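What the coordinates show
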Amino acid sequence: MLNRVTFIIAALSLSLLAGGCDWLGDRTPEQDGFIRFGAGSLLLQDATSPATKSGTFKDAFDQASDEVGAAAADHFFVWGRKIVSGVPSSVFTGDKVTLKNLGSDAADPLDDIWTYTNTRFWDTGANYYDFMAFSGPPASAVTCNPASGGSMTATVDYDPTVEQYDILAAFCQRAKGNAAAISTAAVHMPFQHVLSAVSVTIYNDTPNSISTPDITLNAYTFRNIVTTSTGTFSQNGNALADLSTTTWSSQAHNGLSTGVLGDSSGPHVITPSSHYPTTEIWDLMIPQELEPFGNYTPQLYLDYEYTHVNPYTSQDEVVHSPFGINLEGIQFKNSDNFITRWEPGKKYNYEIHIRLGGGVNVTVNVTDWEEVIAETPGVTITQ
């Protein structure tokens with residue numbers, strides 16, 4: 001499914017070799033010592049980005065203000081601090097960093113130009129700098145105090161029933177190095193997806209014949225799942241700490257409410273040997289456990305009907321019996337293992353196969369949302 005290889009510029013050259021996040025061969029050095037950023041976040045995606053409730057997955061930072069205007073340009077928000085003699089102080093507090101232009105090579109994110117207001121300069125007397133950035137959510141959804149002690153930490157509130165957006169997070173630590181390196185190399189932020197993407201495809205597997213009825217899909221929705229939560233993101237050394245379902249806390253469930261997560265836009269007619277939707281549509285979900293929690297049992301609720309001829313009365317009858325499928329009881333595709341959680345950075349496509357007279361079979365096709373390929377001299381890393 002993931003068939004187009006592109007790159008997150010994780011800029012691991014100095015990260016692996018000297019504890020920083022710079023790319024050794026920076027092609028556009030600046031000599032005046034101001035802090036610059038880069039975000040060559042080209043994520044592995046299909047040839048065309050699949051649709052989500054918020055538009056499409058973010059597969060590239062390629063909308064520059066010089067071409068599309070400042071309002072429509074790609075951007076992220078950055079928080080940063082410097083540590084001098086063990087004492088942290090804020091340098092960036094949610095500043096907006098905007099893609100100005102794609103440089104001389106539009107296909108190469110290394111020479112992209114990113115800008116922000118109120119230029120800040122490197123303090124060569126600092127022991128090191130920490131930077132955390134988010135793309136997708138508004139800055140108001142993020143809480144971060146760069147000057148706080150300990151590991152740098154930020155929280156992000158998210159409710160997919162109110163608004164859905166693809167949340168990308170990144171962390172980078174810039175070691176002191178030497179004055180020349182600090183003043184010439186951009187800070188490349190290695191973004192990664194932090195949500196789970198979930199879609200459903202309904203197949204009518206009934207063999208096609210003159211008497212075979214169509215299936216009418218009224219809706220499929222997700223019930224009793226977590227829809228309000230706060231994600232906590234922190235550094236682990238010079239990288240973002242590993243993400244898991246426990247990254248998201250203060251959770252609240254949506255109960256039996258319908259029509260928000262999933263698709264209630266029906267009726268949709270699914271003819272024999274066809275499926276709906278023809279192109280995957282994704283909900284961007286909070287990573288979470290799918291086992292029952294208190295009074296909540298997470299379910300995929302399916303509402304479909306079909307018309308058939310009653311053999312006793314020879315009259316058309318509508319068969320309509322919506323039902324819920326416990327999410328913890330659904331298996332991975334081609335596996336005996338059950339899927340008991342939605343993990344960060346993964347895509348889950350629930351395939352529902354309906355064969356009239358033969359029941360309903362549901363499996364889940366799981367793929368990594370992104371594959372990070374970072375290049376260092378003589379080394380290729382696939383994560």
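Conventions we followed
Residues numbered from 1 in each chain as written. Predicted model: local features only at pLDDT ≥ 70, side-chain atom pairs only at ≥ 80, totals over all residues. Heavy atoms only, no water. Helix = DSSP H or I, 4+ residues; strand = E, 2+ residues; numbered from the N terminus. Buried < 20%, exposed > 50% of the residue type's maximum accessible area, 1.4 Å probe, protein only. Core = buried A, V, L, I, M, F, W, Y, C linked by side-chain atoms within 4.5 Å. Phe/Tyr/Trp six-rings, centres within 6.5 Å; stacked < 30°, edge-to-face > 60°. Polar contact = N/O pair within 3.5 Å; in protein donor to acceptor, adjacent residues only side chain to side chain.

What follows deals with unusual backbone geometry. Across residues other than glycine, the phi torsion is negative in most instances, and most of the peptide bonds are trans. Between Gly266 and Pro267 the backbone carries a cis peptide bond, its omega angle lying at 15°. For Pro267, the position within the fold is in the loop between β18 (262-263) and β19 (268-270). With an omega of -10°, the peptide bond between Tyr276 and Pro277 qualifies as cis. In this fold, Pro277 is placed in the loop between β20 (274-276) and β21 (281-285). You will see that Asn118, though not glycine, has its phi angle at about 55°, which is positive. Mapped onto the elements, Asn118 comes out in the loop between β6 (113-115) and β7 (128-135). Assessed through its relative accessible area of 61%, Asn118 is described here as exposed. The phi torsion at Ser273 lies on the positive side, around 65°, for a residue other than glycine. Positionally, Ser273 belongs in the loop between β19 and β20.

Right, let's get into the nonpolar core. Counting 27 residues, the largest nonpolar core has Ile202, Phe222, Leu327, Trp342 and Tyr350 as the members making the most contacts within it. Broken down by secondary-structure element, the contributors of at least two residues to this core are β13 (196-204), β14 (215-223), β23 (299-309) and β28 (346-355).

Further remarks concern the packing of aromatic side chains. Taken as a whole and assessed by the stated rule, the structure comprises 19 aromatic pairs. Ring plane angle 85° and centroid distance 5.5 Å describe the contact between Phe37 and Phe131, whose orientation is recorded as edge-to-face. Taken together, the residues Phe37 in strand β1 (residues 37-38) and Phe131 in strand β7 connect sequence positions 94 residues apart. By the burial criterion, Phe37 is buried, and Phe131 matches it.

By secondary structure assignment, the location of Asp166 is in the loop between β9 (153-158) and β10 (168-175). By relative accessible area, which is 8% here, Asp166 ends up buried. Between the C-alpha atom of Asp166 and that of Asp283, which follows or precedes it by 117 residues, the distance is 9.8 Å. Engagement of the side chain of Asp166 in a polar contact is seen with the side chain of His193, the distance being 2.8 Å.

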